[in-house]
Amino acid sequence: MKKQICILGSTGSIGTQALKVIEEHADLFEVYCLTANNRVEELAQQARKFRPDSVVIANEERYDELKELLHDCPEIKVYAGKEAIDEVVQAAPIDLVLTAMVGFSGLSPTIKAIEARKKICLANKETLVVAGELIGALAAQYNVPILPVDSEHSAIFQCLVGEGNNPISKILLTASGGPFRLKTADELLHVTKADALKHPTWNMGAKITIDSATMMNKGFEVIEAKWLFGVDVDQIEVLVHPQSIVHSAVQFVDGSVKAQLGVPDMCLPIQYAFTYPDRITLKGEELNLFNHRLEFFPADQEKFRCLAMAYEASRKGGNMPCILNAANEIVNEAFRNDACSFLQIAEVIEKTMNIVSFDANPSYETYIQTDLEARRKAMELLSL
Ligand SMILES: NC(=O)C1=CN([C@@H]2O[C@H](COP(=O)(O)OP(=O)(O)OC[C@H]3O[C@@H](n4cnc5c(N)ncnc54)[C@H](OP(=O)(O)O)[C@@H]3O)[C@@H](O)[C@H]2O)C=CC1
Ligand SMILES: CC(=O)[C@@H](O)[C@H](O)COP(=O)(O)O
Ligand SMILES: [Mn+2]
């Protein structure tokens, strides 16, 4: 039986690479449902090619356009709106849900998919940043695996296969260091959106590329690793590794370090999440270690305040990581719209963390309210 896959965010960087993996192994995988936010042409094109049961466009205003684009494919069901995404993930035939949409929007459908006992292939790290404790509890309650897609977490997951309950001493989380790794604090005053969008090693969506430039992406990944692997954040050490060949490593209590290596290409972590515990062939460049010099440096948390703030938010717990995420979503977008400077990103997030109501024991409802409040405050701070 082919695995039936639902891709949330199929028109994005992860979504399109997932479709490449599915196409390459059409004997193993079938697309059951595709979703996007606005890009109806791309979504319709994907639907024509992969013939899913259904497609959903989150922005309801684009429904008529999508319906029209697929008017000659009456067998493909067309829906619109967030509630429709929450519903489609529960469809009985679905085996795997790949969460590849961006931001807080991933939280609700991930919860619905877990409740419907679907395996989660998790790319949307913001879901765990915001509500890692809740997601972990639900996954345990419904006995649903959360298979990491993020390259570092896939690497850590691969290092842990076969280790049972062997205790971890440290997680060595690698970071490219982003495009501003070698810039001085003064030089960061003048960097532009175009500079920040030039990631040195990975080709990704705009939001995560900016997060890599501020190193908020690494901060999010620290929180993501904490929840996925049940370690304390202070057991997670960030190593700047500019080549992005060692995708991360685990140090065990006997001192042994296991790492996973590969060329920087998301198809492998996506495919491994789809096939785990099996490995299957994958077309693409193979790693040749003779071609790479591997370097490792400590991360500079004074220059990259976002990384330090993510550690702080995680240590504080409660809804603080949710505040961190919401403020970051606002300033990240503002920076991409030329509405704030690079250094204002960290300033506004820090201020937002100081003024939004703190809740040590948040519920799902608290996350919704916190997200709204933090977005409002961050926008006020930016005078938007
Ligand atoms: N790209 C990468 O290599 C990696 C990404 N990730 C994580 O994976 C996730 C996706 O990243 P990436 O693929 O780069 O992002 P992209 O911006 O390239 O794609 C995002 C996708 O999500 C859809 N989307 C955006 N907002 C919403 C919304 N509010 N509701 C529903 N759908 C929405 C977009 O639709 P539309 O096209 O219509 O706008 C698009 O399909 C992020 O959480 C990121 O952190 C993790 C590791 C690596
Ligand atoms: C591909 C991937 O997993 C990204 O999250 C990547 O790690 C971003 O690069 P940085 O290490 O620069 O944040
Ligand atoms: Mn990553």
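- As recorded by an unreviewed UniProt entry, the chain carries the name 1-deoxy-D-xylulose 5-phosphate reductoisomerase and is attributed to Hoylesella nanceiensis.
- UniProt, in its Function (unreviewed entry) section for the chain, records the words "Catalyzes the NADPH-dependent rearrangement and reduction of 1-deoxy-D-xylulose-5-phosphate (DXP) to 2-C-methyl-D-erythritol 4-phosphate (MEP)."
- Heading Pathway (unreviewed entry) of the UniProt record for the chain holds this comment: "Isoprenoid biosynthesis; isopentenyl diphosphate biosynthesis via DXP pathway; isopentenyl diphosphate from 1-deoxy-D-xylulose 5-phosphate: step 1/6."

1. Side note on the overall build of the chain
Line of reasoning, step 1. The number of helices and strands found in the chain is 15 helices and 12 strands.
Line of reasoning, step 2. Scaling as 2.2 N^0.38, a compact globule of 384 residues should have a C-alpha radius of gyration of about 21 Å, and the chain matches this with 20 Å.
Line of reasoning, step 3. Residue burial in the chain is summarised as follows: out of 384 residues, 54% are buried.
Line of reasoning, step 4. Taking contacts inside the chain between residues at least 6 apart in sequence as the whole, the part at least 24 apart equals 69%.
Line of reasoning, step 5. Here the chain contributes 37 positive and 52 negative side-chain charges, whose respective centroids are spaced 2 Å apart.

2. Quick look at the coordination of the manganese ion (ligand 3)
Line of reasoning, step 1. Looking at the metal site, the manganese ion (ligand 3) is ligated by Asp-150 (OD), Glu-152 (OE) and Glu-221 (OE), spaced 2.0 to 2.2 Å from it.
Line of reasoning, step 2. Linear spacing of the donor residues for the manganese ion (ligand 3) on their chain is D-x1-E-x68-E. Taken together, the residues Glu-152 in helix α7 (residues 151–160) and Glu-221 in helix α10 (residues 216–229) connect sequence positions 69 residues apart.

3. Comments concerning the sheet that holds strand β12 (residues 297–298)
Line of reasoning, step 1. Spatially, the five strands line up as an open sheet ordered β11-β10-β8-β9-β12, and their pairing is mixed. Of all strands in the sheet, those with a lone pairing partner are β11 (257–261) and β12, marking the two edges.

4. Some thoughts on the site of ligand 2
Line of reasoning, step 1. In the vicinity of ligand 2 lie 16 residues, with Ser-151, Glu-152, Ser-176, Asn-217 and Glu-221 positioned nearest.
Line of reasoning, step 2. Interatomic distance of 2.6 Å between a side-chain N/O atom of Ser-151 and an oxygen atom of ligand 2.
Line of reasoning, step 3. The contact in question runs from an oxygen atom of ligand 2 to an N or O atom on the side chain of Ser-176, over 2.5 Å.
Line of reasoning, step 4. Out of a free accessible area of 350 Å², ligand 2 has 97% covered by protein chains.
Line of reasoning, step 5. Elements with a contribution of two residues or more to the shell around ligand 2: α7, α9 (206–214) and α10.
Line of reasoning, step 6. The element that contributes the greatest number of residues to the shell around ligand 2 is α10, accounting for three residues.
Line of reasoning, step 7. Considered class by class, the residues forming the shell around ligand 2 number five nonpolar, six polar and five charged.

5. Observations concerning the pairing of strand β8 (residues 168–175)
Line of reasoning, step 1. With respect to burial, β8 is a largely interior element, six of its eight residues being buried.
Line of reasoning, step 2. Bridging between β8 and strand β10 (residues 246–252) involves four bridges; their strand directions are antiparallel. When the sheet's bridge partners are listed, Ile-171 is paired in β10 with Val-250.
Line of reasoning, step 3. Of the strand pairs in this sheet, β8 and strand β9 (residues 236–240) are connected by five bridges, and their pairing is parallel. Across the sheet, Thr-174 pairs through a bridge with Leu-239, a residue of β9.

6. Observations concerning the packing of helix α6 (residues 126–141) against helix α13 (residues 320–336)
Line of reasoning, step 1. One can describe the packing of α6 onto α13 by two numbers: an axis separation of 8 Å at closest approach and a directional angle of 155°. Considered as vectors, α6 and α13 are oriented roughly antiparallel to each other. Between α6 and α13 the crossing geometry is left-handed. For the pair α6 and α13, contact is made by Glu-126, Val-129 and Val-130 and by Pro-321, Cys-322, Asn-325 and Glu-329, respectively.
Line of reasoning, step 2. Taken together, the residues of the contact of α6 with α13 sort by class into four nonpolar, one polar and two charged.

7. Examining the environment of Val-238
Line of reasoning, step 1. Along the chain, the position of Val-238 falls in strand β9.
Line of reasoning, step 2. Contact partners of Val-238, with chain neighbours within four places excluded, come to Leu-173, Ala-175, Met-215, Lys-218, Val-222, Phe-297, Ala-299, Leu-307 and Tyr-311.

8. A look at the nonpolar core
Line of reasoning, step 1. Counting residues in hydrophobic clusters, the biggest one holds 92 residues, and the most contacted among them are Phe-274, Leu-324 and Ile-349.
Line of reasoning, step 2. Tallying contributions element by element places α13 first for this core, with nine residues.
Line of reasoning, step 3. If we skip the residues at most four places from it in the chain, Ile-349 touches Met-216, Cys-306, Met-309, Leu-324, Ala-327, Asn-328 and Val-331.
Line of reasoning, step 4. The next biggest cluster of nonpolar side chains, apart from the first, holds 32 residues, and it includes Cys-33, Val-97, Leu-138 and Tyr-367.

Analysis parameters
- Residues numbered from 1 in each chain as written.
- Chains lettered and ligands numbered in written order.
- Predicted model: local features only at pLDDT ≥ 70, side-chain atom pairs only at ≥ 80, totals over all residues.
- Heavy atoms only, no water.
- UniProt positions renumbered as here; feature names shortened; annotations may be inferred.
- Helix = DSSP H or I, 4+ residues; strand = E, 2+ residues; numbered from the N terminus.
- Rg over C-alpha atoms; globule rule 2.2 N^0.38 Å.
- Buried < 20%, exposed > 50% of the residue type's maximum accessible area, 1.4 Å probe, protein only.
- Contact = heavy atoms within 4.5 Å.
- Lys, Arg positive; Asp, Glu negative; His and termini not counted.
- Charge placed at Lys NZ, Arg CZ, Asp CG, Glu CD.
- Donors = N, O, S within 2.8 Å, 3.2 Å for Na, K, Ca; no water.
- Pairing = 2+ DSSP bridges.
- Near = heavy atom within 4 Å.
- Polar contact = N/O pair within 3.5 Å; in protein donor to acceptor, adjacent residues only side chain to side chain.
- Areas by Shrake-Rupley, 256 points an atom, 1.4 Å probe, with all protein chains shown as cover.
- Nonpolar A, V, L, I, M, F, W, Y, C, P; charged D, E, K, R; others polar.
- Axes fitted to C-alpha atoms, helices over the stretch in contact; angles between N-to-C directions.
- Parallel < 35°, antiparallel > 145°, perpendicular 65-115°, else oblique.
- Left-handed = near helix turned anticlockwise from the far one by under 90°.
- Core = buried A, V, L, I, M, F, W, Y, C linked by side-chain atoms within 4.5 Å.

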